[in-house]
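# Structural characterization, general
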Amino acid sequence: MPTSTEPGQPDPETTTLARGPDGRPVSDRGDTVCVIGAGASGLTAVKNLAEHGFGVDCYERETGVGGAWNWRHDRSPVYASTHLISSRPFTQFPDFPMPDHWPDYPHHSQLLSYFERYADHFDLRRHIWFGTEVVRVEPVGDDRWDVTTRSTGGYGPERTSRYAAVVIANGHNWSPKLPRYEGLEQFRGEVMHASSYKDSAQLRGKRVLVVGAGNTGCDIAVEAAQQASRCWHSTRRGYWYAPKYVFGRPADQVNDMLLALRVPLRVRQWLYHRTLRLTVGDLTRFGLPKPDHRVYETHPIANSLLVYHVGHGAIAPVPDIERFHPHSVELTDGRQIDPELVVFATGYLPRFEFLDGKILGDDEGVGRPRLWLNALVPDHPTLAVTGLLQPDSGIFTLAHWQAVLFARLLRLRANRPERAAAFAARVRAGAGERYSGQVKDSTRHWFEVGHADYLRALERALRELESK
Amino acid sequence: MRSWEWARPVRPVRREVLSAVPELEEGRPPLLFVPGFGHGAWAYAENWLGHVAARGFSAHAVSLRGHGGSDPAPEATLRAYAHDVVQVAAGLPRRAVLVGHGAGALVVAHAMARYPARAAVLVAPVLGGWATFGTAVRRNPLGTLPAVFGAGLRLNRKQLFSGELPDADARRHAARLGRAARRAQWQLLTGADPEPAVGEPPVLVLGSPDDRVVPASALTQAARRYGSAPLLFPGMGHDMMLDARWREPIDAILDWLVKDPSRDDRG
């Protein structure tokens, strides 16, 4: 078995030399599919494509699997205390369950070992070229793709290979999104993005301002409450802070019980509000702003501890930032606070730096592709993006079914091209479709999907593919 | 979408897994044996596990919940049993071959929809349905009929073993039989058909025409469902892994695996 640093070898039989448009040599990889990234979504794409009989080359810029969940990777956003926010049945791949004896909400190191076992169990490492990054992906005629790669860090020559199809699984939680504030450049304190936050020792004894009430922001605020000398938590609006357990069971499982019974959204919202009111209580009594939206309209925040620490006075909730001064921060309500460290947990933006944005339908170049099922690209039937989702559950099940759909679609193209063409029309018609209820407009919610709605849509697409 | 898998995951239990590993790892797929109702992992440990390991495959046998050395589970369903199998299979270092015997074959068929097995082997499969029930009632009315009302399904020695097995051994094995959960037994008759298998695993069906639990017609039907014909071993009882000539079927299974059936359909 190859070790993780040993690149795999392409099958020499299928390699024939062709010439690229600019005369560079291109090795033709025949029907092989290229997968970009060996994180969770990339691994499941490799596994499902191989299972459907395709040859697969996967390029991974790091030297191990697990992508964002491998804390050794320089683009990994995880910090020492990261735990899952969706419980086990929501997070595992549907055909490779996590061990029964694991906790309901596993730690990120367990998740990494899960991906490593997944890769070994299905013998995926032989498809992966580690330490290789993708520089360019260009369409060539006949729906084929030229993929140019080089060693991570830019050493060594570039090489170009031609593939029958490409799966982009490069993740979307690594390119930090930093908001602009007036006077931030003059601010003398320390400023960091949550992506470089690794360990609570970074907060110890400091006066810390945490910006953002996503799940990361809340986690960091909770750690600051225990480590820092003071902690302010700045949020744009009021949010619903859902506990991780309700009625003695993981909260997401209780919620899915209602979904399984097909309880309508309004009733679910009412029940949710009731439950929160009875358990967490009215948050305005702590000075937290009242949420300006109903639940299910923003990405859920699962954090039992935030409210607990607010109640103990360890976290001071504050509104949005107005501007920075050299030694203080002015808030929108006119107050001035003097943090030493500002942590921006303001999220990430997707980036496909190796691909022309127009191909994914991102005409304005803002980084928001226009896809069907958040995966299939109109007019490019042999290109797919997987894992570009913000589900209210774990992402991996969804990425698994995306990969299955794409693998079946590719197989259909080979066996019944006329039916695949009909499906391509469906992709064009459905581009940009949303799979969630109404959500607040924010880059946070670009890829927001309700996992039940989304999986049902995927299921319909799979049926359509089989039946037509 | 499997809503209930999300909302009501199967309750975890402690499971007994007996293993026999070859001295030298040869990169062959591991085998996971699933016993039928009433049986535990012990049924395989008796003869087959050691033999499989001697031929260079690592062999594991799980006791479904409520059986053998696993935790009791009186309310278990087929879904919980399939969960047990998938859990153990996913815990093995490589993609496993699932081998199910009797009603364990039905459990394997369900598990195959949840786990892309490398291959599957159904030994004297009881895939449920009324024909099997009819046979069982005719052969052993006293053991079968009470099961309809929730009592344990009892199989007698004549059903399980051929005459060649020494009586003392037959008695010893029969004394170790337990029972499956009430709801799982009913699901043999009324349960839904297994969902289609994921990952297109090749499937081998084998049994005996002289089996007094599974009629030969049921074997043919089971094999046809997976697009093949059954491999027959005349003169053996239902419990092929305990019977006197236990060596023949397991050798046939291993020979089939050595040929690597998964290569055929990949071209």
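In the nomenclature of an unreviewed UniProt entry, chain A corresponds to Monooxygenase from the organism Micromonospora andamanensis.

On a plain count of helices and strands, chain A comes out with 10 helices and 26 strands. Since a compact globule built from 468 residues should have a radius of gyration of about 23 Å, the 23 Å found for chain A is in line with a globular shape. For chain A, the C-alpha atoms occupy an extent of roughly 70 × 50 × 45 Å along the three principal directions. Across the 468 residues that make up chain A, the buried fraction comes to 56%.

We now examine the environment of Gly199(B). Inspection of the secondary structure puts Gly199(B) in the loop between helix 10 (182-190) and strand 6 (203-207). As for Gly199(B) and Val123(B), which are separated by 76 residues in sequence, their C-alpha atoms are 21 Å apart.

Right, let's get into the packing of helix 1 (residues 40-51) of chain A against helix 8 (residues 396-415) of chain A. Residues and elements named next belong to chain A. The contact between helix 1 and helix 8 brings their axes to 8 Å, and the two run at 35°. Taken as a pair, helix 1 and helix 8 cross one another with a handedness that is right-handed. Together, Ala40, Ser41, Thr44, Ala45, Lys47, Asn48 and Leu49 of helix 1 and Phe396, Ala399, His400, Ala403, Val404, Ala407 and Leu410 of helix 8 make up the contact between the two elements. Class assignment of the residues belonging to the contact of helix 1 with helix 8 gives a composition of 9 nonpolar, 4 polar and 1 charged.

Turning next to the side chain of Ser87(A). You can see Ser87(A) is positioned in the loop between strand 4 (56-60) and helix 2 (88-91). Sequence-distant contacts of Ser87(A), that is, excluding residues within four places in its chain, are made with Asp104(A), Tyr105(A), Pro250(A), Asp252(A) and Gln253(A).

Quick look at the state of the cysteines now. Residue and element names in this part refer to chain A. Per the counting criterion, the structure on display carries 0 disulfides over all chains. In this model cysteine 58 remains outside any disulfide bridge; the closest cysteine sulfur is found in cysteine 34, 7.6 Å from its own. No disulfide involves cysteine 231; its nearest neighbouring cysteine sulfur is the one of cysteine 218, lying 10 Å away. A residue is classified by how much of its surface remains accessible, and cysteine 231, at 2% relative accessible area, is buried.

Turning to the interface of chain B and chain A, a few remarks are in order. Contacts between the two partners involve 30 residues from chain B and, on the opposite side, 31 residues from chain A. At the surface where chain B touches chain A, the tally comes to 2 salt bridges. Inspection of the region where chain B meets chain A yields 10 residue pairs in polar contact (both at pLDDT 80 or more). In terms of residue count, helix 4 (residues 78-91) of chain B provides more of the side of chain B that touches chain A than any other element does, 6 residues in total. Split into classes, the residues belonging to the side of chain B that touches chain A amount to 16 nonpolar, 5 polar and 9 charged.

Attention shifts here to the confidence of the model for chain A. Do not read the predicted coordinates in detail wherever pLDDT is low. All names here are of chain A. Counting all residues, the mean pLDDT for chain A is 85, and 94% of those residues have values of 70 or more. Of all secondary-structure elements in chain A, the lowest mean pLDDT belongs to strand 1 (residues 16-19), at 60, while strand 3 (residues 33-36) reaches the highest, 94. Here residues 1-14 is modelled with pLDDT under 50, and outside its nearest four sequence neighbours on either side it reaches 18 contacts, counting other chains as well.

Our focus in this paragraph is the sheet that holds strand 3 of chain A. Residues and elements named next belong to chain A. The strand order across the open sheet formed by 5 strands is 5-4-3-9-24, and the pairing between neighbours is parallel. Only two strands of the sheet have a single partner each, and these edge strands are strand 5 (128-130) and strand 24 (383-385). Geometrically, the sheet is characterised by an average inter-axis angle of 20° between neighbouring strands, direction not taken into account. Sitting on the sheet, helix 1 touches strand 3, strand 4, strand 5 and strand 9 (165-168), and the angle it makes with strand 3 is about 165°.

It is worth spelling out helix 10 (residues 451-467) of chain A at this point. With 17 residues, helix 10 of chain A extends 24 Å from end C-alpha to end C-alpha; this agrees with the ideal 24 Å at 1.5 Å per step. Of the residues making up helix 10 of chain A, those classed as buried are His451(A), Ala452(A), Tyr454(A), Leu455(A), Arg456(A), Ala457(A), Leu458(A), Ala461(A), Leu462(A) and Leu465(A).

The next thing to look at is the sheet that holds strand 13 (residues 230-234) of chain A. All names here are of chain A. Taken in spatial order, the 5 strands of this open sheet run 11-22-12-13-18, and their pairing is parallel. In this open sheet, the two edge strands, each paired with only one partner strand, are strand 11 (190-193) and strand 18 (316-318). Put simply, the sheet's adjacent strands are angled 20° from each other on average, direction ignored. Across 4 bridges, the pairing between strand 11 and strand 22 (residues 341-344) is parallel. Its bridge partner lying in strand 22, methionine 192 is registered against valine 343. Against the sheet, helix 4 (residues 215-227) touches strand 12 (207-211), strand 13 and strand 22, its axis set at about 160° to strand 13.

Residues and elements named next belong to chain A. Residue placement: arginine 249 occurs in strand 16 (residues 249-250). Summary of buried charges: arginine 249 has no salt-bridge partner, and the nearest side chain of opposite charge, aspartate 252, is 7.7 Å away. Engagement of the side chain of arginine 249 in a polar contact is seen with the side chain of glutamine 253, the distance being 3.1 Å.

Turning our eyes to something else, we now look at the environment of Val342(A). Residue and element names in this part refer to chain A. Its location among the elements puts valine 342 in strand 22. Each C-alpha atom, one on valine 342 and one on aspartate 392, is 28 Å from the other, the two residues being 50 residues apart in sequence. Once you skip the residues sitting within four places of it in the chain, valine 342 turns out to touch Phe187, Glu190, Val191, Met192, Leu209, Val211 and Phe324.

Moving on: the pairing of strand 5 (residues 119-123) of chain B. All names here are of chain B. Taking burial as the measure, the 5 residues of strand 5 include 5 buried ones, the bulk of the element. The alternating pattern of strand 5 places Ala119, Val121 and Val123 and Ala120 and Leu122 on opposite faces, both of which are buried. Read from strand 4 (residues 97-101) through helix 5 (residues 103-112) to strand 5, the crossover connection turns out right-handed. In terms of strand pairing, strand 5 meets strand 6 through 4 bridges, oriented parallel. Residue pairing for strand 6: alanine 120 is matched across the bridge by valine 203.

This brings us to unusual backbone geometry. Residue and element names in this part refer to chain A. Although it is not a glycine, aspartate 142 adopts a positive phi angle of roughly 70°. Inspection of the secondary structure assignment puts aspartate 142 in the loop between strand 6 (132-140) and strand 7 (144-151). With relative accessibility at 67%, the residue aspartate 142 sits in the exposed group. Of note in this structure, leucine 373 is not a glycine but carries a positive phi near 55°. With respect to the helices and strands, leucine 373 occurs in the loop between strand 23 (348-349) and strand 24. Among the residues examined, leucine 373 registers a relative accessible area of 0% and is labelled buried.

Residue and element names in this part refer to chain A. Enumeration according to the criterion identifies 40 salt bridges over all chains in this entry. Its salt-bridge partner being arginine 207, residue aspartate 338 comes within 3.8 Å of it at the nearest N-O pair. Here arginine 207 lies in strand 12 and aspartate 338 lies in the loop between strand 21 (336-337) and strand 22, a separation of 131 residues in the sequence. Assessed through its relative accessible area of 35%, aspartate 338 is described here as partly exposed. Taking relative accessible area as the criterion, arginine 207 reaches 29% and is therefore assigned partly exposed. Glutamate 418 is the salt-bridge partner of arginine 416, the closest N and O atoms lying 3.3 Å from each other. When its relative accessible area of 36% is taken as the criterion, arginine 416 is described as partly exposed. Overall, the relative accessible area of 48% leaves glutamate 418 in the partly exposed class. Among the charged side chains, a network of salt bridges with common partners joins Arg61, Glu62, Glu133, Arg136, Glu138, Arg150 and Glu158.

Rules behind the numbers
- Residues numbered from 1 in each chain as written.
- Chains lettered and ligands numbered in written order.
- Predicted model: local features only at pLDDT ≥ 70, side-chain atom pairs only at ≥ 80, totals over all residues.
- Heavy atoms only, no water.
- Helix = DSSP H or I, 4+ residues; strand = E, 2+ residues; numbered from the N terminus.
- Rg over C-alpha atoms; globule rule 2.2 N^0.38 Å.
- Buried < 20%, exposed > 50% of the residue type's maximum accessible area, 1.4 Å probe, protein only.
- Axes fitted to C-alpha atoms, helices over the stretch in contact; angles between N-to-C directions.
- Left-handed = near helix turned anticlockwise from the far one by under 90°.
- Contact = heavy atoms within 4.5 Å.
- Nonpolar A, V, L, I, M, F, W, Y, C, P; charged D, E, K, R; others polar.
- Disulfide = S-S within 2.5 Å.
- Salt bridge = Lys/Arg side-chain N within 4 Å of Asp/Glu carboxyl O.
- Polar contact = N/O pair within 3.5 Å; in protein donor to acceptor, adjacent residues only side chain to side chain.
- pLDDT = per-residue confidence, 0-100.
- Pairing = 2+ DSSP bridges.
- Expected span 1.5 Å × (residues − 1).
- Lys, Arg positive; Asp, Glu negative; His and termini not counted.
- Right-handed = clockwise from strand over helix to strand, strands pointing away.

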